[in-house]
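Chains, contacts and geometry: an overview
Each chain, written out:
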Amino acid sequence: MPAFTRSDLADLNVFMTIVRRRSFRQAALELGLTTSALSHSMKNLELRLGVKLLNRTSRSVVPSLAGSALAERLEQGFQTIAEALAELDTHRDAPVGRLRLNVPRDASRLLLGPVLPGFFARYPDLQLEVAVENRMVDIVADGFDAGIRFGGTVPRDMIAMPLTGELRWIVVASPDYLRRHGRPQAPGDLLQHPCMRIRLGDNSPYQWELGNGPQAIHLNVSGPLGANETDTLVEAALNGLGLAYCLELYVAAELRSGRLEQVLPDWSSMGPPFCMYYPSRRQSQPGLRQLIESIRALGL
């Protein structure tokens, strides 16, 4: 076995990124390098070790038997290194480094938008990269340090930290729409109105949940518009197209101004909070703890 060198550590990080992403191109994007640089690093590493680590075809990259065994051991080693670096936070005034998050659009608007100006003012040496998308992803496989999701959708093998209290879901419509079409008096009345249909991240339709506990009702509503993000649905409701179902927090300003009115207030539904989730019990990523505390300070 050749002696371990400093360059090995960088090349082993390249190797682990390729194994996790199963793609030279995706690994290069994550590391900010070119695919040719990654290919050169891997060739040099395999040459120094005298073992083939990756099997590469035109369609995929998978570790060899030896590569899989090495990756499993390295995962433990890199986790130890990450934890050691994280402990340095106790010896510095502010976190330093890069934090990569995956968040849905609602969380980006409601949680990140309000806190980021003050957050970066306090922690100027931290870099935050955010992927905003509603589809469920494997944050580890896709190279994210953490993510934000509704509590009920966080994978069971992840650590979830609540960022808000329980969230209230309501039905809203514009005053103009209600004047023209009347106000629903019971959940069943919604089936006679055009309702904006919610599409989940996997493109499946979402049934509106009305009420709580044993009295809760799930309605498969219909209407002229379906979308997988809230802005489109709320905008349609503001323009009088029909009824929308959304987080009360999301339309708080519109409710205060009277541009939207709540429909069936006795049938609002309480749901799980937004949660920050990550794969380790140690918050080893720079700035993660501080970001969680900043969001919680919103008091949502």
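Residues numbered from 1 in each chain as written. Predicted model: local features only at pLDDT ≥ 70, side-chain atom pairs only at ≥ 80, totals over all residues. Heavy atoms only, no water.

A separate point is the packing of helix 2 (residues 24–31) against helix 3 (residues 35–49). Packing of helix 2 against helix 3 brings their axes to within 9 Å, and their N-to-C directions diverge by 105 degrees. Of the possible angle classes, the one that applies to helix 2 and helix 3 is roughly perpendicular. Contacts from Phe24, Arg25, Ala27, Ala28 and Leu31 of helix 2 reach helix 3 at Thr35, Leu38, Ser39 and Met42. Within the contact of helix 2 with helix 3, the residues separate by chemical class into 6 nonpolar, 2 polar and 1 charged. (Axes fitted to C-alpha atoms, helices over the stretch in contact; angles between N-to-C directions. Helix = DSSP H or I, 4+ residues; strand = E, 2+ residues; numbered from the N terminus. Parallel < 35°, antiparallel > 145°, perpendicular 65-115°, else oblique. Contact = heavy atoms within 4.5 Å. Nonpolar A, V, L, I, M, F, W, Y, C, P; charged D, E, K, R; others polar.)

Our focus in this paragraph is a nonpolar patch on the surface. Where nonpolar side chains cluster on the molecular surface, the patch consists of Leu249, Leu298 and Leu300 and spans about 200 Å² of accessible area. Structurally, the position occupied by Leu298 is in the segment after helix 9 (288–296). (Patch = residues over 30% accessible without salt bridge, like charges linked within 9 Å, V, L, I, M, F, W, Y side chains within 5 Å. Areas by Shrake-Rupley, 256 points an atom, 1.4 Å probe, with all protein chains shown as cover. Salt bridge = Lys/Arg side-chain N within 4 Å of Asp/Glu carboxyl O.)

It is worth spelling out the sheet that holds strand 9 (residues 205–206) at this point. Each strand in a sheet pairs with its neighbour through backbone hydrogen bonds, running either in the same direction (parallel) or in the opposite one (antiparallel). Spatial ordering of the open sheet is given by 9-8-12, a layout of 3 strands whose pairing is mixed. Of all strands in the sheet, those bounded by a partner on one side alone are strand 9 and strand 12 (226–227). The pairing of strand 8 (residues 197–199) with strand 9 spans 2 bridges and is antiparallel. Along strand 9, the bridge assignment pairs Ile198 with Tyr206. (Pairing = 2+ DSSP bridges.)

Averaged over all residues, the pLDDT of the chain equals 87, while 91% of them reach at least 70. Confidence, read as mean pLDDT per element, is least for helix 4 (residues 65–86) in the chain (79) and greatest for strand 14 (residues 261–263) (97). (pLDDT = per-residue confidence, 0-100.)

Turning next to the sheet that holds strand 16 (residues 274–278). In spatial order, the strands read 4-3-5-16-6; together these 5 strands make up an open sheet with mixed pairing. Every other strand in the sheet has two partners, leaving strand 4 (126–132) and strand 6 (159–162) as the edge strands with one partner each. Strand-to-strand twist of the sheet, defined as the mean angle between neighbouring strand axes without regard to direction, takes the value 25 degrees. Where helix 9 meets the sheet, its contacts fall on strand 3 (97–103), strand 5 (146–150), strand 6 and strand 16, and the angle it forms with strand 16 comes to roughly 175 degrees.

In this structure, the second largest pocket occupies an estimated 680 Å³ of space. As for the second largest pocket, its lining consists of 33 residues, and the residues nearest its centre are Phe150, Trp169, Ile198, Leu200 and Tyr206. Those elements giving two or more residues to the lining of the second largest pocket turn out to be helix 5 (105–122), strand 5, strand 8, helix 7 (230–238), strand 13 (244–247) and strand 15 (269–271). Residues that form the lining of the second largest pocket fall into these classes: 16 nonpolar, 9 polar and 8 charged. (1 Å grid on protein atoms, 1.4 Å probe; cavity = no way out; pocket = protein on both sides within 12 Å on 5 of 7 lines; lining within 4 Å. Points joined across faces, edges and corners; volume = space filled by probe spheres on them.)

What follows covers the environment of Arg48. Mapped onto the fold, Arg48 is located in helix 3. Between the C-alpha atom of Arg48 and that of Asp8, which follows or precedes it by 40 residues, the distance is 9.0 Å. Separated by 2.9 Å, the side chains of Arg48 and Asp11 make a polar contact. (Polar contact = N/O pair within 3.5 Å; in protein donor to acceptor, adjacent residues only side chain to side chain.)

This part takes up the packing of aromatic side chains. The tally for this structure, following the rule as stated, stands at 7 aromatic pairs. Ring centres 5.6 Å apart and planes at 55 degrees place the aromatic pair Phe150 and Trp169 in the tilted group. Of this pair, Phe150 sits in strand 5 while Trp169 sits in strand 7 (residues 167–173), placing them 19 residues apart in sequence. Among the residues examined, Phe150 registers a relative accessible area of 22% and is labelled partly exposed. Ring geometry for Trp208 and Tyr245: centres 5.3 Å apart, planes at 20 degrees, overall stacked. On the criterion of sequence distance, the pair formed by Trp208 in strand 10 (residues 208–210) and Tyr245 in strand 13 is long-range, its members being 37 residues apart. Of the residues examined, Tyr245 reaches a relative accessible area of 3% and is grouped as buried. Joined through ring pairs, the aromatic side chains of Phe150, Trp169, Tyr206, Trp208, Tyr245 and Phe274 make up one cluster. Note that Arg56 overlies the ring of Phe24, its terminal NZ or CZ placed 3.8 Å from the centroid. (Phe/Tyr/Trp six-rings, centres within 6.5 Å; stacked < 30°, edge-to-face > 60°. Buried < 20%, exposed > 50% of the residue type's maximum accessible area, 1.4 Å probe, protein only. Lys NZ or Arg CZ within 6 Å of the ring centre and 35° of its normal.)

Attention now moves to the side chain of Ser64. Mapped onto the elements of the fold, Ser64 is located in the loop between strand 2 (61–63) and helix 4. By relative accessible area, which is 10% here, Ser64 ends up buried. Of note is the side chain of Ser64, whose polar atom sits 2.6 Å from the backbone oxygen of Lys52. Not counting chain neighbours up to four residues away, the residues in contact with Ser64 comprise Lys52, Leu53, Leu54 and Asn55.

Evaluated as defined, the whole model comprises 10 salt bridges. One salt bridge in this structure joins Arg179 and Asp176, with 3.9 Å as the shortest N-O distance. Residue Arg179 and its partner Asp176 are located together in helix 6 (residues 175–181), separated by 3 residues, close to a single helical turn. Relative accessible area serves as the criterion here: at 35%, Asp176 is assigned to the partly exposed category. Among the ionic pairs, Arg183 bridges to Glu261, the shortest N-O distance being 2.4 Å. Note that Arg183 is positioned in the loop between helix 6 and strand 8 and Glu261 in strand 14, a separation of 78 residues in sequence. You can call Glu261 partly exposed: its relative accessible area is 27%. Look at the salt bridges and you will find they share partners, linking Arg98, Arg100 and Glu129 into a network.

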